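This is what each chain is made of:
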Amino acid sequence: MTTASPGNDPEKVRQGIQQTRAELGETVAALAAKTDVKTRLGGKATSAAGGLRQRLTTASQSAKTSATQMFRTASQKAAQRATTAKQKTRQAMTMARGSASAATQTTGKTDSTEATSARAVTAKVGTAVRARPVPVLAAAGAAAALTIVAYRRSRTR
């Protein structure tokens, strides 16, 4: 604050008073802002909400990315296991056909031999699936997931 000496010009005294009033007004406004708890808490709440929104957005994006990566990995593994299962099935079918033709040549009973051979192949495939159900379940899960994704994409277009 500025103080005027008695020998000063009245105009300077008025300017000093005006300056003192302005400084005092700023000081009062600053003190009023500090004592206005409701406004200060509102500002803090707004900034906290903004920070929370940002963290939620980041977490959501991270979760989407992780889910997409996990889906791709699971699909790849399911496709690999399905391919392996197909190869084993083909081998079993080839062996069954070979056994059926050999049995047909030796016994001459084609109908019963083929039926027996088909039952044997079916039993082998069933046993293989029961022994290792994960590839079959993974392939079924991947097919279901792809069907759902395709359905959702067709609905959004």
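Parameters and conventions
Residues numbered from 1 in each chain as written. Predicted model: local features only at pLDDT ≥ 70, side-chain atom pairs only at ≥ 80, totals over all residues. Heavy atoms only, no water. Helix = DSSP H or I, 4+ residues; strand = E, 2+ residues; numbered from the N terminus. Polar contact = N/O pair within 3.5 Å; in protein donor to acceptor, adjacent residues only side chain to side chain. Salt bridge = Lys/Arg side-chain N within 4 Å of Asp/Glu carboxyl O. Buried < 20%, exposed > 50% of the residue type's maximum accessible area, 1.4 Å probe, protein only. Patch = residues over 30% accessible without salt bridge, like charges linked within 9 Å, V, L, I, M, F, W, Y side chains within 5 Å. Areas by Shrake-Rupley, 256 points an atom, 1.4 Å probe, with all protein chains shown as cover. Expected span 1.5 Å × (residues − 1).

**Focus: the environment of Arg-155**
Inference 1: Mapped onto the secondary structure, Arg-155 falls in helix H4 (residues 133-156).
Inference 2: A distance of 2.9 Å separates a polar atom in the side chain of Arg-155 from a polar atom in the side chain of Tyr-151.

**So, the pattern of salt bridges**
Inference 1: Taken as a whole, this structure holds one salt bridge when the rule is applied.
Inference 2: Across the pair Glu-11 and Arg-14 runs a salt bridge, and its minimum N-O distance is 3.5 Å. Linking Glu-11 with Arg-14, this pair stays in helix H1 (residues 10-35), spanning three residues, or about one helical turn.
Inference 3: The exposure class of Glu-11 is partly exposed, given its relative accessible area of 42%.

**Quick word on a nonpolar patch on the surface**
Inference 1: A surface patch of nonpolar side chains, amounting to about 230 Å² of accessible area, comprises Phe-71, Leu-146 and Val-149.
Inference 2: By secondary structure assignment, the location of Leu-146 is in helix H4.

**What to know about H4**
Inference 1: For H4, which comprises 24 residues, the first-to-last C-alpha distance of 35 Å matches the rise-based estimate of 34 Å (1.5 Å per residue) to within 8%.
Inference 2: Taken together, the buried positions of H4 are occupied by Pro-135, Ala-142 and Ala-145.

**Comments concerning the side chain of Thr-20**
Inference 1: Inspection of the secondary structure assignment puts Thr-20 in helix H1.
Inference 2: For Thr-20, the side chain forms a polar contact with the main-chain oxygen of Gly-16, separated by 2.7 Å.

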